[in-house]
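Understanding the architecture of this molecule
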Amino acid sequence: MKIKSLAKSLMYCGLVTALTACSSSGVDRSDLDETIQRYHAVVLDQEPVTLNSRVPEGMVTGASYGLFDELDGDSEDMISGVLAGVLVGGVVSALADGSNDAIRYRLYHQDKGEFAVISKQQLGDDVQCVEVQQAQQVKLYAVHPEFCQQAQDEAPVKVIYGARVKQPGTSDWRTAAVTVKNEHIAAVTEINEEIPTGAQLIDARGTWLIPGLIDGHVHLSQSGSAFTRPDIIGATELHSYDQDQAWLTEQLPDILHDYLRLGITTVADLGGPTQRLQSLNQLDCTAGCPTILSAGELISVAPVAALDGDHGPTFLAAATPAEATAAVKMQRGFGAQISKFVFTNEAGLSPQQLQELFAEAIAEAKAHGQIIAVHAQDLDYAKAAIRAGADILVHGVMTAAIDREFTELALARDVTYMPTLTAYEHYLSIFKQQLTFTAFEQQFADAYVLNSFAQLQKNLSATDQMFQIFTRYVPLVDASPEERAALSAQEQAIVQQLEALFSQRILQAQYSNLRAALDAGLQVGFGTDAGNPGTLHAVAVAEEIRAWQRAGVSAAEIFQALTLGNAMAFDIAQQQGVIAQGKTATFNLLQRDPSQDPQALLTPTHVFQNGTLVYDVDDSL
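Residues numbered from 1 in each chain as written. Predicted model: local features only at pLDDT ≥ 70, side-chain atom pairs only at ≥ 80, totals over all residues. Heavy atoms only, no water.

Digging into the layout of surface pockets
This is how the line gets drawn: Both site types are read off a 1 Å grid over the protein atoms alone. A 1.4 Å probe that fits but cannot get out defines a cavity, while an open set with protein on both sides within 12 Å along at least five of seven lines defines a pocket; lining residues have an atom within 4 Å of a point. Grid points are joined across faces, edges and corners, and a volume is the space filled by probe spheres set on the points. Counting from the N terminus, the helices are DSSP H or I runs at least four residues long and the strands are E runs at least two residues long. Ten residues, namely Ala, Val, Leu, Ile, Met, Phe, Trp, Tyr, Cys and Pro, are considered nonpolar, four, namely Asp, Glu, Lys and Arg, are considered charged, and the remaining ones, Gly among them, are considered polar.
One number sums up the size of the largest pocket: a volume of about 1,100 Å³. The wall of the largest pocket is formed by 38 residues, among which R229, I232, E346, H375 and Q377 lie closest to the centre. Put simply, the parts of the chain that give the lining of the largest pocket at least two residues each are β14 (298–300), β16 (338–342), α10 (421–431), α13 (465–477) and α16 (504–519). With three residues, the top contributor of residues to the lining of the largest pocket is α10. Split by residue class, the lining of the largest pocket holds 18 nonpolar, 14 polar and six charged. There is about 650 Å³ of room inside the second largest pocket. Taken together, 24 residues line the second largest pocket, and the ones lying closest to its centre are Q149, I202, D203, H606 and D618. Where the lining of the second largest pocket is concerned, the elements lending two or more residues are β9 (200–203) and β22 (604–609). Among the elements that take part in the lining of the second largest pocket, β9 stands out by supplying four residues, more than any other. Taken together, the residues that form the lining of the second largest pocket break down as ten nonpolar, nine polar and five charged.

Some details on the pairing of strand β10 (residues 208–211)
Quick reminder of the rule: At least two DSSP bridges between two strands are required for those strands to pair.
Pairing analysis gives two bridges linking strand β6 (residues 157–166) to β10, with the strands arranged parallel. Residue V165 lies in a different strand from β10, and its bridge partner there is L209.

A look at the state of the cysteines
Heads up, the condition is: Pairs of cysteine sulfur atoms within 2.5 Å are identified as disulfides in what follows. The buried label applies to any residue whose accessible area, calculated with a 1.4 Å probe on protein chains only, is under 20% of its type's maximum; exposed applies above 50%, and partly exposed to all values in between.
Inspection of the entire model under this criterion finds one disulfide. C129 shares a disulfide with C148; S-S distance 2.1 Å. What sets the handedness of the C129 and C148 disulfide is the S-S torsion sign, and at about 80° it is right-handed. Placement of C129 in strand β4 (residues 129–134) and of C148 in the loop between β5 (138–142) and β6 is noted, with a sequence separation of 19 residues between them. This pair shows no difference in class: C129 is buried, exactly as C148 is.

Considering the sheet that holds strand β3 (residues 113–119)
Filter applied, for reference: To obtain each axis, a line is fitted to C-alpha atoms, and for helices this fit is confined to the stretch in contact; angles are then taken between N-to-C directions over 0 to 180 degrees.
Taken together, five strands build an open sheet; the order of strands is β3-β2-β1-β4-β5 and the sheet is antiparallel. At either margin of the open sheet sits one strand with a lone partner, and together these are β3 and β5. On average, each strand axis in the sheet is tilted by 40° relative to the strand beside it, whichever way the strands run. Here strand β1 (residues 37–50) pairs with β4 via six bridges, running antiparallel. Each bridged residue has a counterpart across the sheet, and for R38 the counterpart in β4 is Q133.

Examining the packing of helix α6 (residues 321–333) against helix α7 (residues 351–367)
Keep this limit in mind: Our angle categories are set so that under 35 degrees counts as roughly parallel, over 145 as roughly antiparallel, 65 to 115 as roughly perpendicular, and the remainder as oblique. Here a crossing is taken to be left-handed if its near helix is turned anticlockwise relative to the far helix by less than a right angle, and right-handed if that turn runs clockwise. Working rule for contacts: check all heavy atoms of both residues, and any pair within 4.5 Å makes them a contact.
Their axes nearest at 7 Å, the elements α6 and α7 cross at an angle of 30°. As far as their axial angle goes, α7 and α6 are roughly parallel. For the pair α6 and α7, the sense of crossing is right-handed. In this structure, α6 contributes P321, A324, T325, V328, K329 and R332 to the contact, and α7 contributes E356, L357, F358, E360, A361, E364 and A365. For the contact of α6 with α7, the per-class residue count stands at seven nonpolar, one polar and five charged.

Written out as structure tokens, the structure is:
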């Protein structure tokens, strides 16, 4: 039959054509006049999918051909032709299709935005970046993630993608995309929501994104060396206070950058010469500096002449309410955001007398939005400070257990309890000649600071009489009764006097009171008192964390105090303290879970301040 002959002729012709094409070694004609785009894209996620099979379609086509081939035969021939066609068509289609398994790749390119590619290519779950070759079809090639990194700040919008973010008010972490626009967090969304075209994508998968840390108690007018507090360590014959201050002024930009390297993006400078506030505002922060919340001199009833330097005094004595109020106004004129008062019994004034002396000045400061920090170590003086209007109690109660009256006062007036455990411990170690530094501290500390203590220990005879008394008798404060009984009556009297100031008992009271404050529901902040001898800037946070752990404080509680707790203490919780829409884009990326190990807080890979990357661990090497 002619129709049958024609069909066979066409089939043979097709077979010859196919064989001819297979033998060709030239460029595929489908590539003629076609442009192939090549670009890199971030792999956001991968999802297995199942493709529709073309086998049924092949079977139908094969059946049609089999029927067509047997049109001149009988019914049995036609049925046989259909069955053969179904078999051949199905097999050919199955061979052409291969497996029906495929992957849907969700990709992002800054200029092209977000798009998806369905491919049978199996790239591996660990692939983060691909080279896309796109014509009519797309090919994907796994490449190094650095190809997908874009220059920082090249886009007005950044998306920090895939980091774990702690949900405010809970202990839960969730994987999120944090969108930053200019200086603020524009959104915190699920990672499956579309990323806006043009955004700079920062791949943060496998990291924890946390608010910038806040050290709520530092002294930028103190170096941390053995020579920075001549009122306590009288060693001016070895090294003068002015020399120490000159070194500090020169090194301060580097010291401040060390804070950022540890993810500490805000520090509260709680007391120093007011005139130094002008120099802080003029610092060269090219390498990056944390935000500084500043106080002026410590307003007290007793001057400390040994700390009077070229920039003025560190302690400002006020004998009347008017003088205290004038001090507050003067400091505010220099830009002080914090007023700090000393509530201690050095001048012989009672808690009630100090409350009356400073109440007017505290009211003046609070009326202008200043934070009131109070140095108070004794329980009754701490209560008087709360009644006078304290916002923050620094150092914590050290000489007695906090009681119900104290906690009720602090809760009623939203007072933050902010102990400094290691600063006191370091003084004890210095007096006992037992101060040592960890490898972490030595990594950051300047040789000048470390060597100052070795110089001090080698030259004790050149120190003043008071420091020699400390080094002779403080080690005996916690000695056994037998050892103390062997001392002369005069020596026993000296040890007894020192016991009220320096002993392990005081340190244990600090530990116990911190745990009691947390258990009572008080607002608790985190401060180091860095700058005091042996309490090194920036790295002091690591030692303070360990002290809090020894006091029985959990990793979650430490994290809370270093972020939201301090933000609330200094009335900046509207801007920072948690990761949420509308907050300032100041945050860190960590490689370890801080809720499991709080020391992970101090090893950020990236630090962002006001939306700008200010520290990248890879760039610092």
